[in-house]
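# Summary of the model geometry
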Amino acid sequence: MAVSLGKPELCAVIRDRIQRSPQQQIPFADFMALALYHPEHGYYTSKTEPLGMGGDFATSVHLGPDFGELLAEQWVEMWHHLGQPEPFHLVEMGPGQGLLANTILTYLQRQYPNCFAAVHYTLVETSEALRQVQQARLARWQAAAVPIDWRKLTDMPAASVTGCCFSNELVDALPVHRVTLTPTGWQEQYITYREGTDQPFVTVLGPLSQPALSTYFAWVGTVPTLDTYPDGYTTEVNLAALEWLKQVATKLHQGYVLTIDYGYSAERYYSPARSQGTLQCYYQHAHHNDPLINIGQQDITAQVDFTALARQGDRAGLSNLGQVPQELFLMALGLGDRLNQLMQIESSSPQAVRYALQRREALHQLMNPLGVGKFNVLIQGKGLTTPEQQTLKGLTLPPLR
Ligand SMILES: C[S@@+](CC[C@H](N)C(=O)[O-])C[C@H]1O[C@@H](n2cnc3c(N)ncnc32)[C@H](O)[C@@H]1O
């Protein structure tokens, strides 16, 4: 892996921000926000192809259309549960290159034209560069007058969404605070700048920058202390995820919030064994845990605390409909049937055989319990009054054989 300090323009911006701050240091969360989302030089805002086989990492979306098509099966059921509203809002948050939106619209138009005719698709994306990629990819839908728009979550009117707000691998990309357990209690990691060295960005400890950090662990029900955790135990707290979910809940009038990401319950996330936290950086399909190199050229992510998302949902008026691993969620929506159908393809054409093998491989990857198959799918709801509305195909576990 090529190693450098990072993009010089971005490093200069971060250095200036540090030098202008009263304590000459900024919380790690602010550093991560600049590294990923500085409007001009951030990783997601300046790199048009951070994702995919030619980028730094791939997601389920890059494994072909099956992922989006199986999700679309879930949207159709939701549409029926909500009484076939028109418009039926699909709000995709963190849509990357717009691949999922394209797959979902294509599939709905082909398989479920009535639902397709009701869909209003909104993309919520912070990166201007990626928004342009999405607009180019979805131009044909706009040209055909399919209602698609791009909005900031904060600009959307309260209670304006009847449908589903969803995301795949958004929450892990939100900036996290890093905290360290010491004999005097929790300290927070800050980034400071030391002139004249090869590695001028340095981590230092200081007091917690936000009151919410000091109450977080009691709130999620797992409180690390030095009785059972090592001195120097370091982990992350994703306050941005809590603010994001609060916003989403406000925008929803009636329907669902579906979140797919990698992570754990708080109890497993904050286990003593995970003594250096879960922060990972992705650069050209290799991963490591040093966010202070390749700044602006690599992705930085942390696992998601799903207990916190569930509790924040409760606080924001969402009901918890269920959480399952992606593997089971996609199986319940028909992944197994797709595999069976592929087995039955009888063809002497090498092209057809190659296609079937590639798709079979993709389907296996989508449910790989060592890969994306173990991701969590959390579904929350609002304004759902009947048992039918609260029972979703994707959350229905198959009977054990
Ligand atoms: C890891 S990528 C996932 C992309 C896509 N969902 C996929 O699965 O391939 C994270 C995406 O979220 C976007 N993003 C980050 N913070 C966001 C926010 N607060 N609101 C909306 N989008 C955001 C990034 O720019 C990027 O498009």
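Parameters at a glance
- Residues numbered from 1 in each chain as written.
- Predicted model: local features only at pLDDT ≥ 70, side-chain atom pairs only at ≥ 80, totals over all residues.
- Heavy atoms only, no water.
- Axes fitted to C-alpha atoms, helices over the stretch in contact; angles between N-to-C directions.
- Helix = DSSP H or I, 4+ residues; strand = E, 2+ residues; numbered from the N terminus.
- Parallel < 35°, antiparallel > 145°, perpendicular 65-115°, else oblique.
- Left-handed = near helix turned anticlockwise from the far one by under 90°.
- Contact = heavy atoms within 4.5 Å.
- Nonpolar A, V, L, I, M, F, W, Y, C, P; charged D, E, K, R; others polar.
- Buried < 20%, exposed > 50% of the residue type's maximum accessible area, 1.4 Å probe, protein only.
- Pairing = 2+ DSSP bridges.
- Near = heavy atom within 4 Å.
- Polar contact = N/O pair within 3.5 Å; in protein donor to acceptor, adjacent residues only side chain to side chain.
- Areas by Shrake-Rupley, 256 points an atom, 1.4 Å probe, with all protein chains shown as cover.

What follows deals with the packing of helix H10 (residues 239-251) against helix H12 (residues 306-315). Where H10 contacts H12, the axes come no closer than 9 Å and their chain directions differ by 40°. Considering their axes alone, H10 and H12 lie oblique with respect to each other. Here H10 and H12 pass one another in a crossing that is right-handed. When H10 is examined against H12, the residues Ala241, Leu242, Glu243, Trp244, Leu245 and Lys246 are found in contact with a partner set consisting of Ala308, Leu309, Gln312, Gly313 and Arg315. Considering only residue class, the contact of H10 with H12 consists of 6 nonpolar, 2 polar and 3 charged.

Glancing now at unusual backbone geometry. Residue proline 87 is reached from glutamate 86 by a cis peptide bond, and omega for that bond is 5°. Structurally, proline 87 can be placed in the loop between helix H4 (66-81) and strand E2 (88-93). For glutamine 84, which is not glycine, the phi torsion reads 55° and is therefore positive. Within the element layout of this structure, glutamine 84 appears in the loop between H4 and E2. A positive phi angle, near 50°, is found at asparagine 294, a position not held by glycine. Structurally, the position occupied by asparagine 294 is in the loop between strand E13 (286-288) and strand E14 (299-301). For asparagine 294, a relative accessible area of 0% puts it in the buried group.

Strand order across the open sheet formed by 3 strands is E13-E12-E14, with antiparallel pairing between neighbours. Of all the strands in the sheet, the pair left with one neighbour each is E13 and E14. Strand-to-strand twist in this sheet, taken as the mean axis angle between neighbours without regard to direction, amounts to 25°.

Before going further, it helps to examine the pairing of strand E6 (residues 177-182). Put simply, side chains in a regular strand alternate between the two faces of the sheet. Taken across its 6 residues, E6 has 6 buried, putting it largely inside the fold. Burial along E6 is two-sided: the face carrying His177, Val179 and Leu181 and the face carrying Arg178, Thr180 and Thr182 are both buried. Direction of pairing for E6 relative to strand E9 (residues 234-237): antiparallel, over a ladder of 4 bridges. Bridge pairing in E9 places threonine 180 opposite threonine 234. Of the strand pairs in this sheet, E6 and strand E7 (residues 185-193) are connected by 4 bridges, and their pairing is antiparallel. Note on E7: the bridge partner recorded for leucine 181 is tryptophan 186. Once E6 ends, the chain turns through 2 residues before running back antiparallel as E7.

Okay, the site of the ligand next. Residues in contact with the ligand amount to 18 residues; listed here are only the nearest, Tyr37, Thr59, Gly94, Glu125 and Asn168. With respect to the ligand, the side chain of threonine 59 contributes an N or O atom lying 2.8 Å from an oxygen atom. Within the backbone of glycine 96, one N or O atom sits 3.1 Å away from an oxygen atom of the ligand. In isolation the ligand exposes 600 Å². Once the protein is present, 93% of that is buried. Looking at the shell around the ligand residue by residue, the class counts come to 9 nonpolar, 7 polar and 2 charged.

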